[in-house]
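Residue strings, one per chain:
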Amino acid sequence: GAVVSQHPSWVICKSGTSVKIECRSLDFQATTMFWYRQFPKQSLMLMATSNEGSKATYEQGVEKDKFLINHASLTLSTLTVTSAHPEDSSFYICSATFLAGGYEQYFGPGTRLTVT
Amino acid sequence: RKEVEQDPGPFNVPEGATVAFNCTYSNSASQSFFWYRQDCRKEPKLLMSVYSSGNEDGRFTAQLNRASQYISLLIRDSKLSDSATYLCVVNGGGGFKTIFGAGTRLFVKA
């Protein structure tokens, strides 16, 4: 099956610093990549949808200047949390889809971010 | 009204029990439906797609009722390893916008 990787799997950073999370599709070219955030005991919340070579579409309430998304190639998307604060601590998960795969999303293993 | 609503749970069942999860969605233009499973601190994994004709995969049966905008998942002969959160996922139509339900937690006990 299609494999999606994320790096790093966990990160601890100080308040005010920026953190970059990478999402890669390893064995397929992802038409679209999605970024989700999940707080403890809550469901996944879509943050943004990203298509290769174009600007990401952010969901309502998600600050595009704080969560920078770059989708430079069909196999790589990055999410940068700028000037992170403790309330940004969460589980960030990416997923990818490709046309032949229908609407099924293939999820990365997630990145646990802790901001101190 | 939430776009995708699921039974709140948690469901606590003994091994061998049959358990059913329900899910309703609000967008009648939705095109694709899935059940995902998520273990604690892990990413969601596709359990099965849901087709209009209903589909079965071993102990798992999924059904879709478009008229009632309702999806179900039936698990027969529950195993301890079935303990997880089950997410109802609906593709909202008109593109790739996907909506996740809040999930239903299942605990299967010996």
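Refer to the structure presented above.
Residues numbered from 1 in each chain as written. Chains lettered and ligands numbered in written order. Predicted model: local features only at pLDDT ≥ 70, side-chain atom pairs only at ≥ 80, totals over all residues. Heavy atoms only, no water.

> With reference to specific residues and values, describe the interface of chain A and chain B.
The interface is formed by 19 residues belonging to chain A together with 19 residues belonging to chain B. Of the roughly 1,600 Å² buried at the junction of chain A and chain B (both faces included), carbon and sulfur atoms supply 58%. Our count for the contact surface shared by chain A and chain B stands at 0 salt bridges. The interface formed by chain A and chain B holds 3 residue pairs in polar contact (both at pLDDT 80 or more) in total. Listed by contribution, the elements that provide at least two residues to the side of chain A that touches chain B are strand 4 (32-38) and strand 9 (90-97) of chain A. Sort the elements by how many residues they give to the side of chain A that touches chain B and strand 4 of chain A lands first, with 4 residues. Taken together, the residues of the side of chain A that touches chain B break down into 9 nonpolar, 7 polar and 3 charged. (Contact = heavy atoms within 4.5 Å. Buried area = accessible area lost by both parts, 1.4 Å probe. Salt bridge = Lys/Arg side-chain N within 4 Å of Asp/Glu carboxyl O. Polar contact = N/O pair within 3.5 Å; in protein donor to acceptor, adjacent residues only side chain to side chain. Helix = DSSP H or I, 4+ residues; strand = E, 2+ residues; numbered from the N terminus. Nonpolar A, V, L, I, M, F, W, Y, C, P; charged D, E, K, R; others polar.)

> Tell me about the pairing of strand 5 (residues 45-49) of chain B, residues and numbers included.
Residues and elements named next belong to chain B. The sheet contact formed by strand 4 (residues 32-38) and strand 5 spans 4 bridges and is antiparallel. Among the inter-strand pairings, Trp35 is bridged to a residue of strand 5, identified as Met48. Where strand 4 folds back onto strand 5 in an antiparallel hairpin, the turn is made up of 6 residues, including Arg41, whose phi is positive at roughly 65°. (Pairing = 2+ DSSP bridges.)

> Hey, could you go over the side chain of Ser49 of chain B for me, with residue numbers and the actual values?
Its location among the elements puts Ser49 of chain B in strand 5. Excluding residues within four positions of it along the chain, Ser49 of chain B makes contact with Phe33, Phe34, Asn55 and Ala62 of chain B.

> Which residues make up the pattern of salt bridges, and what are the values?
Where charged atoms from two side chains of opposite charge approach closely, those side chains can pair. Residues and elements named next belong to chain A. Inspection of every chain in the model, using the stated rule, returns 7 salt bridges over all chains. The partner of Lys66 in a salt bridge is Asp88, and the shortest N-O contact between them spans 2.8 Å. With Lys66 in the loop between strand 6 (57-58) and strand 7 (67-73) and Asp88 in the loop between strand 8 (76-81) and strand 9, the pair connects residues that are 22 residues apart, well separated along the chain. On the basis of relative accessibility, which here comes to 5%, the residue Asp88 falls in the buried class. (Buried < 20%, exposed > 50% of the residue type's maximum accessible area, 1.4 Å probe, protein only.)

> I'd like a rundown of the nonpolar core, residues and numbers included.
If you look at the biggest cluster of nonpolar residues, it comprises 26 residues, and the most contacted ones within it are Val4, Phe28, Trp35, Phe67, Leu79, Tyr92 and Leu113 of chain A. Those elements that place two or more of their residues in this core are strand 2 (10-13), strand 3 (19-25), strand 4, strand 5 (45-51), strand 7, strand 8, strand 9 and strand 11 (111-115) of chain A. Setting aside residues up to four positions removed in sequence, Leu113 of chain A forms contacts with Val11, Cys13, Val19, Val81, Asp88, Ser89, Ser90 and Tyr92 of chain A. Listed in part, the 24 residues of the second largest apolar core include Val4, Phe33, Ile71 and Ala84 of chain B. (Core = buried A, V, L, I, M, F, W, Y, C linked by side-chain atoms within 4.5 Å.)

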